[in-house]
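# Residue-level structure breakdown
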Amino acid sequence: MRFLPTIALVMLALAAVAADSPSPVGPVGTASELAGTWAGTVEHDGETQPVALSFSADTAGRITIALSMPVVHLDRAPIARARPVFRGDSVQIGQFAFAYDARAKTLNGVVPAGLIPVYSLPLALHKVERFDMPERPAITAPEAVPVWTYEANTPLWAGPTFAGGVVYVGGQDGSIHAIDARTGTRLWAAATGGPMRIGTRRWGAPAPIRVRPVLADGVLYAQVDDGWLYALAVKDGKRRWRVRIVDQPIERLPFDQPASRFDRFGSDVVMNAGRLYVGTHDGKLLALDPVDGHTLWEFKAGDAILAAPAIAGGKVVFGSYDHFVYALDAVTGRQLWKRDTQGAVVSTPAIADDKVVVGNRCYDLLGLDLGTGDVAWKRYIWMSWVESSAALFGGTAYVGSSDAAAVYAFDAASGRRVWATDVFGWSWGQPAVTAERVYAGTSSQVGYLAHHQGAVFALDRATGKAVWRFSASAPDSGAYGFPGSPALGADHVFVSGLDGRVHAFRP
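All figures in this text were calculated on a predicted structure; none of them were measured in a lab. (Residues numbered from 1 in each chain as written. Predicted model: local features only at pLDDT ≥ 70, side-chain atom pairs only at ≥ 80, totals over all residues. Heavy atoms only, no water.)

Within the element layout of this structure, Ser175 appears in strand E13 (residues 175-180). With 62 residues separating them in the primary sequence, Ser175 and Gly237 have C-alpha atoms 9.9 Å apart. Apart from residues no more than four positions distant in its own chain, Ser175 is found in contact with Thr154, Val169, Gly170, Ala190, Ala191 and Ile209. At 2.5 Å, the side chain of Ser175 and the side chain of Asp173 are in polar contact. Only 3.0 Å separates the side chain of Ser175 from the side chain of His177, close enough to count as a polar contact. (Helix = DSSP H or I, 4+ residues; strand = E, 2+ residues; numbered from the N terminus. Contact = heavy atoms within 4.5 Å. Polar contact = N/O pair within 3.5 Å; in protein donor to acceptor, adjacent residues only side chain to side chain.)

As C-alpha cells, then:
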C-alpha cells in the first residue's frame, strides 16, 4: 500500500508539467539571480498564511523549486524543476507566473491551479536571507494502553462498528469479524464472497471490504468490492441474502498511478424507516427492501458515491465525486435539490437542525441549508482535502483533515471555528464524540514529506487538548496507522488499523 494524498499528488502534477522545460532563458534575467529564498504570504477570503519558495539554480539554467508552508508542515519540499522565462517585468518558472521587480526583489502572482484548485490565491513574496519554519509543538499527551487487542491478520480500513455488546469489522481479505466488546474474544469470522474478478482478470484473494458493517434489526449489512451487498446473520455471520448493486467489481487503482481516484472507502449502509440506503461506486443511490434486498428506487448521480448518505426530515442527503451534494425525497427518490461544491465530495454529510455540514476536495468545509442547498457558510481548510465525515454533538461539528493533519471543531450553525488540534497525521475517519471527549485516528506513510504519524487521539471536547494517544509502530516502508473511524460502546473506544489489529481503550 502506498499513500499519495493531496500535497504529494499536486506536487507530482507540477513536477510533471514543469520538469526540464525547453523554453530558453530570456535576455533580461538569469536563473542565478533568482536563486535563494523568497518568503511572504498567500491569501484567501481575508485570511493569510506564511509561505516560502526556495530556488536552486543549476549550471544548465534550470531552477529547482522547494516549498515551505507551515500550515501543512512542509519544509523545503521539492515540487518542480523548470527553466525561468523572463519577459519584461515578469518571469515564468514552470507553472508559477510572477510579476518580477529585480530592484525591489519581489515576486507577485497567484498560486498555480495544480496546488490550489478552484480559487485564485494571491501570492506575494520578497527575497530573504532565510525562512525558518515555526517549531511544531511536541505531543505531550500520555500513551494509552489497550484493554485488549484482537488480531484480524488483514488490513482494516474503514473502522469498526459497535452494536449489542459486539464489535464488527471488515477486512481487506473480504472477511467480517465479530468480537466480544468486553474481552476481545472472537465470536465468529465469516468470508463474504469468492475471488475478485474484473473482466478476464482473477485474483486469488476475495474482494476487500472498505466499509463499516452496519447492524439493523438483527441483520449485518456490508457492501463489498465484488459489487454485492451482503446481509449476514448476526449470530454466526451466515449469509441471508446478497444482491448485486454494482455491475462490475470495484477496482481501486494504486495511489501512485495518475488515474487513481484515492477512493479509500465505500458507502456504509443506512437503515431508516424500514428501508436500506446505500451509495455505489458507479454513482447510484439505492433504496432497498431489507427483507431480500430488492430495489425500491434508484437515483443516478454524475459519479461515484463513496460515503453513506444522511437522512433527516424525510430527506436523503449525500455527496458525490461529481462535486455535487444531493437531497432526495426519502420515500420516492425524487430530487429536491443539488448543490455544486466545486470539489469531489467523498464523505457523509452531517445534518444539524437546518444545516448540512460537509467537506470536499477543493479544501472547503461547507454549511448548506437543508431546505434549499444554498451555502450558508464556508470555511477553508488550507491545502487539505476534507475526507472526514463530520460528527455532531451539542451543535458543534467535529471533523478531521488530510494534509492539514488536524482535527477541528466548528459551530454547525455559523461555521465559526471553535478549536483546531494538530494530530500529526491524516485524519480521514469520522471522529467519535462523547460529552467529554473527541476520538480520532490518524494514518501516515513512511518517508512522507510532511513527517506525519499514525495514532489514535483522545481530545478534550471543550478545548481540543490531547488527553491521551496511542501511537502506531511505523513499518520499514508503506502505510500504517488508523485511517478509519473509531467506535464507542460498552464504556470503551474501539479502533482498527492497517496492521490488522482491533484495539479497545478505556475512555
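Alright, that's what it looks like, and here's the rest.
Moving on, we get to unusual backbone geometry. Although it is not a glycine, Val118 adopts a positive phi angle of roughly 75°. In this structure, Val118 sits in the loop between strand E8 (106-110) and strand E9 (122-128). Positioned with a positive phi, Asp491 is a non-glycine residue whose angle comes to about 60°. Along the polypeptide, Asp491 turns up in the loop between strand E42 (487-489) and strand E43 (492-496).

With respect to the helices and strands, the residue Ser401 is situated in the loop between strand E34 (396-399) and strand E35 (406-411). According to the relative accessible area criterion, Ser401 is buried, its value standing at 0%. Looking at Ser401, its side chain comes within polar contact range of the main-chain nitrogen of Ala405, at 3.5 Å. A polar side-chain atom of Ser401 sits 2.7 Å from the main-chain carbonyl oxygen of Ala406. Among all residues touching Ser401, those that are not within four sequence positions of it are Ile381, Ser384, Trp385, Ala406, Tyr408, Gly425, Trp426, Ser427 and Trp428. (Buried < 20%, exposed > 50% of the residue type's maximum accessible area, 1.4 Å probe, protein only.)

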